[in-house]
Amino acid sequence: MGRRYRMRGPWVLRDIDLDLPAGALLRIAGTNGSGKSTLLRLLAGIDAPTTGRITGRPRTAYVPERFAATLPFDAAGYLVHMGRVHGLSGRQAASRADTWLERFAITGYAGTSLDLLSKGTAQKVAVAQALLAEPELLVLDEAWTGLDTAARAHLDEAVTERVAAGGTAVFVDHDPRRLTGAGARVHRVANGRLADSRAGSPEVPQVVIEAEGTGEPPAALARHTGATAPQPPADQAGTPRLLRITLPADRSDTALRALLTADPPWHIRAVRPAHPPGGGAIPYGVAR
Amino acid sequence: MTALLRYQAALLLRSQRWLPPLLLYGVIIGIGIQSGQPVLDSLGVTAAAILPVSGWLVRVCATGEPPAARAITQAAAGPTRVQLACTVTAFTASAVLGAVGSLIVAAISDPQTDNHTLRVPMGPAVAAGLLATLACALLGTAVGALCNPPVLRRPGWPIPVTALAALLLLVASGSPANAAVSGLVSGSSTGAVHLPVLPLALAVVACAAATAFSCRLAARR
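Residues numbered from 1 in each chain as written. Chains lettered and ligands numbered in written order. Predicted model: local features only at pLDDT ≥ 70, side-chain atom pairs only at ≥ 80, totals over all residues. Heavy atoms only, no water.

Visitor: I tried to follow the overall build of chain B on my own but got confused; where do I start?
Guide: Within chain B one finds 9 helices and 0 strands. Ordering the α and β elements of chain B from the N terminus gives α-α-α-α-α-α-α-α-α. In terms of overall size, chain B behaves like a compact globule, its C-alpha atoms giving a radius of gyration of 18 Å where 221 residues would be expected to give roughly 17 Å. Going through the 221 residues of chain B one by one, you find that 51% of them count as buried. Once local pairs closer than 6 in sequence are excluded, the contacts in chain B between residues at least 24 apart make up 82%. (Helix = DSSP H or I, 4+ residues; strand = E, 2+ residues; numbered from the N terminus. Rg over C-alpha atoms; globule rule 2.2 N^0.38 Å. Buried < 20%, exposed > 50% of the residue type's maximum accessible area, 1.4 Å probe, protein only. Contact = heavy atoms within 4.5 Å.)

In structure tokens form, the structure reads like this:
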């Protein structure tokens, strides 16, 4: 699909072809003005493409970058209204609104008029609005901006939960590491076109894990690693062998967990960047 | 849709942005009508007054949310339904306002013709007044839907264009609003009450078409 805002105007997006399967977590990357927000608005159904079409319309919730709401509601009242618009019953909406206000630690502001809230608190209300709907498609346009550290962590967690429950989440954020641990797939918008740059692109650095052990390498590891170092020659029983695994940094936690919980467990000798600056191999984390 | 309408209605009522159009309605009626005047004449003025007011109420509903909040609602319910809810809410508000206004005006008016020679039957007169008000509210809603975002998005244009369109609809012969109002006013001199059924039917069609057009554009802007 493509999108331009005026007839004969420049194309903001062209020849975009994107699949959003259930359970997918997508990050849209790109420079300022590259069309990230336009793409999100199209995905959220707020905007319609000029050419092509968007098929399927899941239950969608959208969080804008800045929610400066001069609306004549208090926080709880707004959330209940939005919950109803999302298709919840009044009672359901009220109880979920309470839950999310509590989770973001703003229960104290439930009765405060939206226009009196601070920027960060208003942003929490906007996020709560989207999460209480438990949408099939969650679209977050720099939703983390303005949130405090605890709220950011809560949002990360909530997005991960949503994706684990089979929802789809698409987001834009300036922090390149945002949700990389949850396996976010990166799509890059440049010159109005979309390029799939998978995790493992220059944005996510590679790390090398060196482990020593006597058992078989964990089977789960083959799925989680990008490349496994050549196996050392056949061992005699009981002789430890060295395993060297190169993989994207965001998957190192999973790999380490697999190695440490294997039976018998592997001993982690070193974790270091794949291409350390300055040439020296500096381990920056050693386990056990 | 019920939830959206409820949200839009709450937005309209709690924002208090209904106050300026209500004042306009009050001023037009206050200047145009005095108690004890012939009832059909007064109901004609009352019906005409609701046309610009309903156009204004559509503007209040269409621009009631800041863009970020609007985007949230549109993602949740779809831009088409949001626009439809805006228009329906504005129309409902103008219909209620117009009906209340007509009943009050009928209550304080004199059930006679202009020259105080013939009695005008109160029941049919009120019915004709309510139908004319409904027709004008529908046409005002149509004007509002066409003269505000998402159809007319240039800043500065909507208010003068709405005012001009409302005026034209009231004075141009051939417009349903003009037909409905002049039916009442001419009845006031002859004593015959005409129910403005045809103007109402035309107004329904015009309002439906204008609303459908604005809803179609809502997703494309």
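Visitor: How do you make sense of the side chain of Gln 129 of chain A when you look at a structure like this?
Guide: Inspection of the secondary structure puts Gln 129 of chain A in helix α4 (residues 119-132). For Gln 129 of chain A, the contacting residues outside a window of four places in its chain are Ala 61, Tyr 62, Tyr 78, Leu 79, Met 82 and His 86 of chain A together with Ile 72 of chain B.

Visitor: Just checking my understanding: could you explain the pattern of salt bridges for this structure?
Guide: Any two side chains of opposite charge can pair, on the condition that their charged atoms come close. Residue and element names in this part refer to chain A. Tallied over the entire structure, the rule returns 12 salt bridges over all chains. In this structure, the salt-bridge partner of Arg 177 is Asp 175, at a minimum N-O distance of 3.6 Å. Through salt bridges with shared partners, a single ionic network connects Arg 103, Glu 157 and Glu 161. (Salt bridge = Lys/Arg side-chain N within 4 Å of Asp/Glu carboxyl O.)

Visitor: Looking at this structure, I do not really get helix α8 (residues 176-190) of chain B. What am I missing?
Guide: Counting along an α-helix, one turn takes 3.6 residues, and residues three or four places apart therefore face a common direction. All names here are of chain B. Over its 15 residues, α8 extends 21 Å from the first C-alpha to the last, a length consistent with the 21 Å expected when each residue adds 1.5 Å. Considered for burial, the residues of α8 that qualify are Pro 176, Ala 177, Asn 178, Ala 180, Val 181, Gly 183, Leu 184, Gly 187 and Ser 188. Next to the buried residues of α8 lie α3 (39-62), α6 (122-146), α7 (158-171) and α9 (197-218). (Expected span 1.5 Å × (residues − 1).)

Visitor: Help me understand the nonpolar core in this model?
Guide: Side chains of a nonpolar character, in soluble globular proteins, are inclined to be buried together. All names here are of chain A. Leu 39, Phe 67, Leu 71, Tyr 78, Val 125 and Val 159 are the most contacted members of the largest nonpolar core, which totals 78 residues. Tallying contributions element by element places α4 first for this core, with 8 residues. Among residues more than four places away in sequence, those in contact with Leu 39 are Met 1, Leu 13, Ile 16, Ile 28, Val 189 and Leu 194. (Core = buried A, V, L, I, M, F, W, Y, C linked by side-chain atoms within 4.5 Å.)

Visitor: Can you help me understand the interface of chain A and chain B in this one?
Guide: A common way to express how large an interface is: the accessible area buried when the components associate. Counting from both sides, the interface comprises 27 residues of chain A and, opposite them, 25 residues of chain B. In this assembly, chain A packs against chain B so that about 2,100 Å² is buried in total across both faces, 66% of it on carbon and sulfur atoms. Three residues stand out in chain A for area buried against chain B, namely Ile 46, Pro 72 and Val 85 of chain A, and they jointly supply 27% of the buried area on that side. Applying the counting rule to chain A against chain B returns 0 salt bridges. At the junction of chain A with chain B, the criterion picks out 2 residue pairs in polar contact (both at pLDDT 80 or more). For the side of chain A that touches chain B, the secondary structure elements donating two or more residues are β4 (60-63), α2 (75-85) and α4 of chain A. A per-element tally of the side of chain A that touches chain B places α2 of chain A first, with 5 residues. (Buried area = accessible area lost by both parts, 1.4 Å probe. Polar contact = N/O pair within 3.5 Å; in protein donor to acceptor, adjacent residues only side chain to side chain.)

Visitor: Before we go on, may I ask you to explain the packing of aromatic side chains in this structure?
Guide: Aromatic ring pairs are defined here through the distance separating the ring centres and the angle between the ring planes. Evaluation of the coordinates by the stated rule reveals 5 aromatic pairs over all chains. Relative to Tyr 7 of chain B, the ring of Phe 73 of chain A lies with its centre 5.7 Å away and its plane at 20 degrees, an arrangement referred to as stacked. With one member in each of two chains, Phe 73 of chain A in the loop between β4 and α2 and Tyr 7 of chain B in helix α1 (residues 2-15) form a pair that bridges those chains. Across the pair, Tyr 7 of chain B and Phe 73 of chain A agree in class, each one buried. An aromatic cluster of at least three residues, connected via ring pairs, comprises Phe 67, Phe 73 and Tyr 78 of chain A together with Tyr 7 of chain B. (Phe/Tyr/Trp six-rings, centres within 6.5 Å; stacked < 30°, edge-to-face > 60°.)

Visitor: Looking at this structure, I do not really get the packing of helix α2 (residues 19-32) of chain B against helix α5 (residues 79-108) of chain B. What am I missing?
Guide: Two measures define how a pair of helices packs: the angle their axes make with one another and the distance between the axes. All names here are of chain B. Where α2 contacts α5, the axes come no closer than 12 Å and their chain directions differ by 25 degrees. In terms of orientation, α2 and α5 fall into the roughly parallel class. As for the relative orientation of α2 and α5, their crossing is right-handed in sense. Contact residues: Leu 22, Tyr 25 and Ile 29 in α2; Leu 97, Gly 98, Gly 101, Ser 102 and Val 105 in α5. Class assignment of the residues belonging to the contact of α2 with α5 gives a composition of 5 nonpolar, 3 polar and no charged. (Axes fitted to C-alpha atoms, helices over the stretch in contact; angles between N-to-C directions. Parallel < 35°, antiparallel > 145°, perpendicular 65-115°, else oblique. Left-handed = near helix turned anticlockwise from the far one by under 90°. Nonpolar A, V, L, I, M, F, W, Y, C, P; charged D, E, K, R; others polar.)

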